[in-house]
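Residue strings, one per chain:
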Amino acid sequence: MGRSIDISKARAILEKKRRLLGRGLSYTEKVLFLHEAKGYKKRALIPGKDQIGLYPDRVAMQDATAQLAMLQFMQTGMEKTQVEATIHCDHFIMASHGDLADLEEAVAENKEIYDFLSSAAARYGIGFWGPGSGIMHQVVLENYAVPGDLMIGSDSHTPNAGGLGMIAIGVGGADVVEVMAGLPWETVYPFLVGVKLIGSLTGWASAKDVIFEMLRRFGVKGGTGRIFEYFGEGAEGLSVTQKATITNMGAELGATSSVFVYDRSMNDYLRNAGRIEDADYAYALREILKQDDVCERGPEMVFNELVEIDLNAIEISHSGPFTPDRITKVREFNDLVSREGWPGDISAVLLGSCTNSSYSDLYAAAHILEEAAGHGLKPKVPFLLSPGSARVYETIRRDEILNKLIDAGAVILTSACGPCIGQWDRKDVRKGALNCIFTTFNRNFKARNDANPETRAFLTSPAVAAGLAVSGKTGFNPETDTLKGADGVEFRLSAPKPPPVPEGGLSSSKGSFIPPTKDRSGMTVRIDPGSERIEPLRPFERWDGRDFLDLPVLVKTRGKTTTDQISPGGRWLRYRGHIRNISENLLEGAINAYTGDTGSGTNVITGEKGVRFARLARFYKENASGFVIIGDENYGEGSSREHAAMSPRFMGTKAVIARTFARIHEANLKRHGILALTFRDRGEYDKICEFDKISLVGLKRLRPGRPVRGVIKRKDGSIFDLILNHALTREQIDWFKAGSALNNMDVKRR
Ligand code: MIC
Ligand code: SF4
């Protein structure tokens with residue numbers, strides 16, 4: 001649709017759809033239908049079954065995923081991106097001493113990466129947001145998100161832009177490459193979940209607690225294949241950044257996307273951010289950007305599922321540890337701490353990440369610290385804060401919020417992901433020491449923030465986080481507990497009421513942004529040939545047309561296997577542009593279902609035990625022509641990183657057979673030529689033994705909807721069959737045959 005939308009044309013498209021479906025439309029349907037590629041438009045799509053082809057208005061990439069994306073884009077031979085695109089340098093800044101010192105250090109340390117990305121951006125007509133300019137999702141919200149538009153981004157929290165009424169979907173880098181090459185982006189037509197919000201938040205309750213309530217109801221895979229559409233009088237009462245907190249963390253539900261229906265708060269936000277043209281544009285479209293009446297009168301006709309949340313009933317909660325859907329009310333948390341034997345003292349509090357680093361979030365924290373300071377109190381534990389963007393940073397500086405935070409002893413970090421992705425040079429707690437941290441982030445997977453598996457990380461809202469920092473106690477409940485000031489006065493903190501947007505407007509600072517270059521003649525992409533961090537990609541080999549026979553099982557993972565476990569971050573982040581080097585981390589965090597060990601397994605050919613998966617994979621690649629991976633539920637939960645598919649592919653994985661997959665990871669496997677299969681009978685996961693050999697036969701007859709036959713050979717010679725489902729479309733089968741989606745694009749071009 002983009003800025004060029006012709007209102008009468010849009011009306012005509014939507015009217016046709018109403019006639020086709022025989023009913024009015026939801027907001028999500030309108031946005032999707034207005035971006036639908038030709039050829040998909042004529043039939044009513046069946047959720048969970050049919051594919052929809054879409055033309056996004058823009059794409060965004062962050063530096064940790066942009067490297068492989070740009071290396072792939074270079075392989076396409078395209079001259080320039082066909083849609084508006086930006087790269088954001090937010091993932092590689094280590095939080096250590098604070099703001100400027102850390103930024104300088106990162107600029108020096110990551111020079112070859114920033115050189116590569118900035119030169120690739122300049123070469124291909126892409127906007128470049130350099131280090132320090134902000135976290136991609138916050139920057140997109142502030143500068144690019146437009147109600148009614150559609151985008152994809154190579155990061156799972158891309159739906160943050162749903163707070164501004166944009167349908168924004170997290171994908172792997174290869175998807176972004178296709179869209180930049182001008183092709184439509186295909187996905188399974190999603191189920192629509194209507195989330196009606198009534199009432200309004202009171203006291204300490206926040207947007208974070210609303211998404212916690214959704215996580216409590218749906219769990220980490222309950223959103224798979226779904227788009228959540230938030231509406232109702234309760235939704236209208238939330239500010240854009242509150243809305244964005246909710247849509248951002250829809251990623252934790254496994255959702256395809258989450259979006260709020262266009263409303264006045266969005267108009268206010270855009271104007272406050274100085275984006276008058278975008279505000280006028282959306283306002284002019286307001287009739288189109290409404291849900292049709294049916295959503296109010298008969299929502300069950302439109303939505304596949306309906307949820308109602310009374311915001312007045314929302315209570316403050318924490319999430320964690322180890323999984324974002326473990327939700328505990330703050331009033332019950334103290335008991336949980338005692339039951340679990342967790343320490344009563346907090347070791348650190350961190351405010352930031354793409355989900356909670358807005359002006360209002362920092363304002364809320366400053367309010368609490370100021371109140372505490374009024375009684376002579378300061379945070380009792382390290383309190384680290386990352387403003388989400390240079391715009392937020394400049395605004396809090398102007399409004400003297402920054403002073404209050406610094407005076408209270410908070411450490412201000414660069415506007416970047418920092419500790420949220422494990423870029424935290426933590427020195428105060430020994431590895432292996434049990435300790436509790438509270439963050440306002442969106443993920444709390446084991447060892448994610450500080451590489452210490454004994455750290456219990458809990459997610460909470462900015463206001464509650466600040467209260468916890470002042471009290472220093474894990475069980476502190478700001479609603480009921482009092483604090484004793486240095487002045488001897490017992491007092492209760494008051495719930496902050498941050499303004500929805502900064503009164504003086506959001507600063508216009510663009511940090512180190514470099515707009516897309518117009519004259520690109522003579523531009524070259526800089527790759528340091530001696531680099532251990534970045535190297536050109538070589539295409540994966542084509543399928544040789546033969547069945548996969550007698551493959552060993554590299555690993556059967558048990559329980560949650562996130563992409564953080566398949567391709568860990570932390571010290572490995574530096575190799576995100578170097579497929580050979582990063583593949584050394586293969587499945588380092590995966591739990592071996594046979595031994596209970598993490599990151600290693602038995603070599604079933606030599607009998608050697610405790611072999612690191614990367615070494616074992618190399619052995620099987622050479623001696624068994626590959627292997628399969630067996631996964632449990634929601635295999636590949638979490639990040640969009642395609643390294644979790646490309647490394648396994650590079651190391652010789654032929655197929656991953658799981659009980660179920662997370663959406664983005666399944667798509668990444670398909671795009672990179674790995675068969676993603678699921679057990680038809682979920683219980684058969686239990687039947688796979690350590691020494692089994694697996695054959696996948698009849699692959700020449702691979703067809704959409706037709707299961708694959710697996711033959712299992714036991715060590716004792718016995719044999720049995722498995723029926724394995726897949727969700728490959730015709731085109732995706734071509735990807736498999738070509739070796740990858742990218743190879744298939746080449747084939748088409750030739
Ligand atoms: C994350 O939050 O896990 C990340 C790091 O932002 C990832 C992207 C990546 O691994 O590069 C994500 O969410 O997609
Ligand atoms: Fe960055 Fe954390 Fe957001 Fe991922 S979740 S983009 S690591 S801030």
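Residues numbered from 1 in each chain as written. Chains lettered and ligands numbered in written order. Predicted model: local features only at pLDDT ≥ 70, side-chain atom pairs only at ≥ 80, totals over all residues. Heavy atoms only, no water.

Comments concerning the sheet that holds strand β4 (residues 127–129)
Pairing in this open sheet of six strands is mixed, and the strands run β6-β5-β2-β3-β4-β21 from one edge to the other. Looking along the sheet, the strands with just one partner apiece sit at the ends: β6 (167–170) and β21 (513–514). Where strand β2 (residues 58–62) and strand β3 (residues 84–88) come together, five bridges link them in parallel fashion. Across the sheet, Gln62 pairs through a bridge with His88, a residue of β3. Sitting on the sheet, helix α5 (residues 111–124) is in contact with β3 and β4, with an inclination near 155° to β4. (Pairing = 2+ DSSP bridges. Helix = DSSP H or I, 4+ residues; strand = E, 2+ residues; numbered from the N terminus. Contact = heavy atoms within 4.5 Å. Axes fitted to C-alpha atoms, helices over the stretch in contact; angles between N-to-C directions.)

Some points on unusual backbone geometry
For the bond running from Gly320 to Pro321, omega is 5°, close enough to zero to count as cis. Inspection of the secondary structure assignment puts Pro321 in the loop between β12 (317–319) and β13 (327–329). One non-glycine residue with positive phi stands out, namely Asp550, at about 50°. Position of Asp550 among the secondary structure elements: in strand β22 (residues 548–556).

Some details on the pattern of salt bridges
Evaluated as defined, the whole model comprises 50 salt bridges. Here Lys196 makes a salt bridge to Glu296, at a shortest N to O gap of 3.4 Å. In this pair, Lys196 sits in strand β8 (residues 191–198) while Glu296 sits in helix α13 (residues 294–297), placing the two residues 100 residues apart along the sequence. A residue is classified by how much of its surface remains accessible, and Lys196, at 24% relative accessible area, is partly exposed. Between Asp428 and Arg426 there is a salt bridge whose closest N-O contact spans 3.0 Å. (Salt bridge = Lys/Arg side-chain N within 4 Å of Asp/Glu carboxyl O. Buried < 20%, exposed > 50% of the residue type's maximum accessible area, 1.4 Å probe, protein only.)

Notes on the domain arrangement of the protein chain
Domain assignment breaks the protein chain into domain 1 (7–313), domain 2 (317–491) and domain 3 (548–749). Here the C-alpha centroids of domain 2 and domain 3 sit 38 Å apart. Facing eight residues of domain 2, the contacting portion of domain 3 comprises nine residues. Here domain 2 packs against domain 3, burying approximately 610 Å² in sum over the two surfaces, 55% of which is carbon and sulfur. Broken down residue by residue, the surface that domain 2 buries against domain 3 is led by Ile421, Arg443 and Phe445, which jointly contribute 63%. In this structure, the connection of domain 2 to domain 3 is made through one salt bridge. In this structure, the salt-bridge partner of Asp564 is Arg448, at a minimum N-O distance of 3.3 Å. (Domains from an automatic or database assignment. Buried area = accessible area lost by both parts, 1.4 Å probe.)

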